[in-house]
Structures are given as structure tokens and as C-alpha cells.
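Here is what each chain is made of, one letter per residue.
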Amino acid sequence: MKILVIGGGGREHALVWKLRQSPRVTSVYCAPGNGGIAQEAECLPADVKSMDSLVAVAERVKPDLTVIGPELPLALGVVDEFQLRGWRTFGPTRAAAQLESSKGFAKEFMQRHRIPTAHYAICQTVDEVRDALPHFHAPLVVKADGLAAGKGVVMAMSKEEAASAASEMLSGRMLGEAGNLVVLEECLQGDELSFLVISDGERVVPLVAAQDHKRIGDGDTGPNTGGMGAYSTPTIVDEKMRDWLVHHIAQPVVAGMKTEGVEYKGVLYCGLMMTARGPMVLEFNCRFGDPETQPILMRLESDLLDTLEAAVEGRFVNDDLRWTSDTSVCVVVASGGYPGTFEAGKKIAGLEQAGELEGVKVFHAATSNRDDVYFTSGGRVLGVTARASDLENAVQRAYQAVSRIGFEGLHYRKDIAARALKK
């Protein structure tokens, strides 16, 4: 089979790497890919923000299956367009992807279907924000309604700070059209959890859980990012909790979408807060998470292609995927200045030495390759991922690999999985 993966980040590198392991895969293409992905797939130039560009790539490749990585093509309706042309595509339609592309839609959907989530208010104007604020206690969360690449969430420590952040979003200065609506939300306390399932439109198959680290700085300080690291262990949720999450959150989402006339096929990422009141949904993503995909796929022993194909064809029968009992950890290595202004084009050293370590795979998130030399090309540059029999050794391996890598301005969090290790 010929596989086309849309996207060019660390998540897509992990998908390419895992799909290549299937004995049924003859060739893998990635559009646009990156310097590291080019070592494992044929990379084709493409603009993921352009429907015409993506259609042109698929017409050229004629893949047997297309896998959509990032959120923007889903929000644009690339799955709808590909399906109209008879092309098998893994991912939700534009209508289904509203669960991610509109925070307001997702909150109202959860309220309609009694899915546990935080108290909220949807505001279109600064006056509506002022009217809503008395109903909240500080701290509270301000979210842009639309897609903002992981940067549309502000944790406000006071109501004044919340009003200011909401005003900035609504003005368009902060995030453009993504901030045309804002969602005010109570601040939930507890441990965050990334719980992903794959849906065939009716049934869901759970993946192993992971925990992401969103803030830029150690100790969960500084602004939110797209994710600075993640880990996955066999004990992060037990079997009883996994079943509860499937039956009270994931399955009701798929069933609820169906009752509203929308079939949900693809990945459903449930971003959860494990509170004293029980699990509560923070957000939905309609695709594999980044960087959670890297440690999750490091633990997968099943053939990923079989599962994606069964989802597209609506024929889940056996709900079990095979997973190793090992633990995996991903440390994101970022450009200096990220998530703010940063410079690209920095020469990267030590990649080969890092990748030689046992149980380590370096996934490329934003690199280019010129004359066999790698350079940085974005904010999150690498996802250094390690697998070991226990969390302590996996963390040690990941950071040992990171220590072998160098480029000007390089920075990373030094406390990925630290709280889990203390427990």
C-alpha cells in the first residue's frame, strides 16, 4: 500500500516511522515533511493551509490511504474533499472537527450531551466578558474560540488579567480571527491527562494514556506552548479508569455527534483534568496530539495501518491494540525564544550520537537538511523520545540523548515526568 501523511512536524515523523513498520506498506509519502522525515519517506512540497495544494499532492501520489496530521487541514474540510473524490482518508470531516476548531461549539456540545467539563461562558464582546466575570472566581482560564496552535489559552490569576486577555483576543491583535469569540472557564485543579481513542464512526478503541507538559518553563511556569514534552506509562490510568473514560466521555462524544447527523471517524483526543470531582474535559483535539503521539507510538506493538484502515472502513471488531509494558518519554528541544520570537537556520549537531543510544528515537519536528547537515526551521525542533522498562530509566535515556544534541539557543524543560517520578 502507498500511504500519504499530511503534515511536517514531530507527530507526522512518528506516524511515518510507525506506518513504515507495517509489512503491507510499500511506500510512504509526506507533505510537506521535514529534514528528518525525508530520511524515512518521500517528502513532497505542499501548503497544509491550501486545499488546492493538498489535492494536487494526492492526485500526484494516488495513495491507498491518506492520514491527516495537523488540525488546520481538518478544519478546512480536506477529509470531505478527499472523500468526494473517492480517496480513503483517515480523519474527521469538517463538521466533526468543530470539536477542536471551535472551543465554543465543543463546550455547548458537552453541555448538550452531559459530558463533564468546567463551568464556562462564551463571549463575543468586551461588555459580555465584564458581565460574565462576576460568575467566576480567580484564577480563571481565557480561551480563544478558534485554532491558535496551542497558544490561545491564558491562565489569568485575577479577573482584571482575564478581562485584559479577553480584550486582546477579541480585538484581533493577539490571535487574529481565532479570537473572534472567547470562552471564559473556571480553573480546574488536578493532574492533566491526554486520553486518545480511535473511532470508526460508532465504536472507539482507546490508546494508552499520556501526560503532556504545556508550559515553557520548569515547574509549569511561563506561557503555554504546543507542548514541551510528554510521557506514557502502563500505570498512568488503570483499567477501571480507562473503561470509565471510554464509556462516559469518548463513546458519548461519538454517539452524540451521530445523533446530530455527523459521523466521527478518526482520532479523538480528550484533554482531561483529573479533579477531585472526577475527570473533566479541558479540550478536544480531532487528531493525534503533539508531542503525545511520539511516546504513545513508541509503546504500540500492533500494526497501526490495520487500525487506521479499519476505522476508515467502519469495521472495528476486536477492540484491543497490543502495547508494551515499557514506559516512554519525549523531551521537546526548542529554539531560543520559543514560544515567542525565535531565529531559524541554526546548525544542529549530535543527532547521530543521540540516536545511537539504546531505546532512543529522535523525531524531527522542525528541521531542514542541506548537504547532509540539519538546521532548525521552527520553534519546536526535535522530540527526543526514549523507551525503557521503567519511568526512571526512560527519563534518564531521553535526557542523555538530549545532552548529545546542540544548536545555538537550544532550550528544553528539565523536569519532564518529574512529578510522576516523585509519586
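Each value, and the rule that gives it
- Residues numbered from 1 in each chain as written.
- Predicted model: local features only at pLDDT ≥ 70, side-chain atom pairs only at ≥ 80, totals over all residues.
- Heavy atoms only, no water.
- Buried < 20%, exposed > 50% of the residue type's maximum accessible area, 1.4 Å probe, protein only.
- Helix = DSSP H or I, 4+ residues; strand = E, 2+ residues; numbered from the N terminus.
- Polar contact = N/O pair within 3.5 Å; in protein donor to acceptor, adjacent residues only side chain to side chain.
- Contact = heavy atoms within 4.5 Å.
- Salt bridge = Lys/Arg side-chain N within 4 Å of Asp/Glu carboxyl O.
- Pairing = 2+ DSSP bridges.
- Expected span 1.5 Å × (residues − 1).
- Arc of directions from axis to C-beta.

## Quick notes on helix α11 (residues 304-312)
The periodicity of an α-helix, 3.6 residues per turn, causes residues three or four positions apart to be oriented the same way.
Thinking step 1. Within α11, 8 of the 9 residues are buried, which leaves it mostly tucked inside the rest of the structure.
Thinking step 2. The positive-phi residue at the C-terminal boundary of α11 is Gly314, with phi of around 65°.

## Considering the side chain of Ser232
Thinking step 1. For Ser232, the location among the structural elements is in strand β15 (residues 229-232).
Thinking step 2. A distance of 2.8 Å separates a polar atom in the side chain of Ser232 from the backbone oxygen of Ala209.
Thinking step 3. Within the structure, the side chain of Ser232 is placed 2.8 Å from the side chain of Arg299, a separation counted as a polar contact.
Thinking step 4. Excluding residues within four positions of it along the chain, Ser232 makes contact with Val208, Ala209, Ala210, Pro295, Arg299, Thr327 and Ser328.

## A few points about unusual backbone geometry
Thinking step 1. Here the residue pair Ala138 and Pro139 is connected by a cis peptide bond, since its omega of -5° sits within 30 degrees of zero.
Thinking step 2. With respect to the helices and strands, the residue Pro139 is situated in the loop between α7 (126-132) and β7 (140-144).
Thinking step 3. Here Arg114, not a glycine, exhibits a phi torsion of approximately 55°, which is positive.
Thinking step 4. As for its position among the elements, Arg114 is in the loop between α6 (103-112) and β6 (120-123).

## Some thoughts on the pattern of salt bridges
Thinking step 1. Tallied over the full model, the rule gives 30 salt bridges.
Thinking step 2. Between Arg11 and Glu12 there is a salt bridge, with its nearest N and O atoms 2.7 Å apart. The same class applies to Arg11 and to Glu12, which are both buried.
Thinking step 3. Across the pair Arg130 and Asp127 runs a salt bridge whose closest N-O atoms are separated by 3.0 Å. A residue pair is termed a helical-turn pair when its members lie 3 or 4 positions apart in one helix, as Arg130 and Asp127 do in helix α7 at 3 residues.

## Things to note about the side chain of Thr233
Thinking step 1. Tracing the backbone through its elements, the reader meets Thr233 in the loop between β15 and α9 (239-259).
Thinking step 2. The class for Thr233 is buried, based on a relative accessible area of 9%.
Thinking step 3. A distance of 3.1 Å separates a polar side-chain atom of Thr233 from the backbone nitrogen of Ile236.
Thinking step 4. Each residue touching Thr233, except ones within four places of it in the same chain, is listed here: Ala209, Arg299, Thr327 and Leu391.

## Considering the sheet that holds β15
Thinking step 1. Taken together, the 5 strands give an open sheet; going across it, the order is β12-β15-β18-β22-β19, and neighbouring strands pair in antiparallel fashion. Edge positions in the sheet fall to β12 (211-212) and β19 (360-364), since each has one partner strand and no second.
Thinking step 2. Where β19 lies against strand β22 (residues 380-388), 5 bridges are found, and the strand directions are antiparallel. By the bridge assignment, Phe363 is partnered in β22 with Gly383.

## Side note on the pairing of strand β10 (residues 191-200)
Thinking step 1. Within β10, 8 of the 10 residues are buried, which leaves the element mostly enclosed by the surrounding structure.
Thinking step 2. Note: β10 against strand β11 (residues 204-206), 3 bridges, orientation antiparallel. Across the sheet, Ser199 pairs through a bridge with Val204, a residue of β11.
Thinking step 3. Between the end of β10 and the start of β11, which pair antiparallel, lie 3 residues, with Gly201 showing a positive phi angle near 105°.

## Notes on helix α13 (residues 391-403)
Thinking step 1. With 13 residues, α13 extends 18 Å from end C-alpha to end C-alpha; this agrees with the ideal 18 Å at 1.5 Å per step.
Thinking step 2. All of the buried residues in α13 are Leu391, Ala394, Val395, Ala398, Tyr399, Ala401 and Val402. End-on, the buried residues of α13 take up no more than an arc of 155°, which puts them together on one face. Seen from the buried face of α13, the exposed residues on the opposite side, beyond 90 degrees, are Glu392, Gln396 and Ser403.
Thinking step 3. Contacts made by the buried residues of α13 are with β15, β18 (327-334), α12 (351-355), β19, β22 and α14 (418-422).
Thinking step 4. Where α13 begins, one side-chain oxygen reaches toward the backbone nitrogen of Glu392, 3.2 Å away; that side chain belongs to Asp390.

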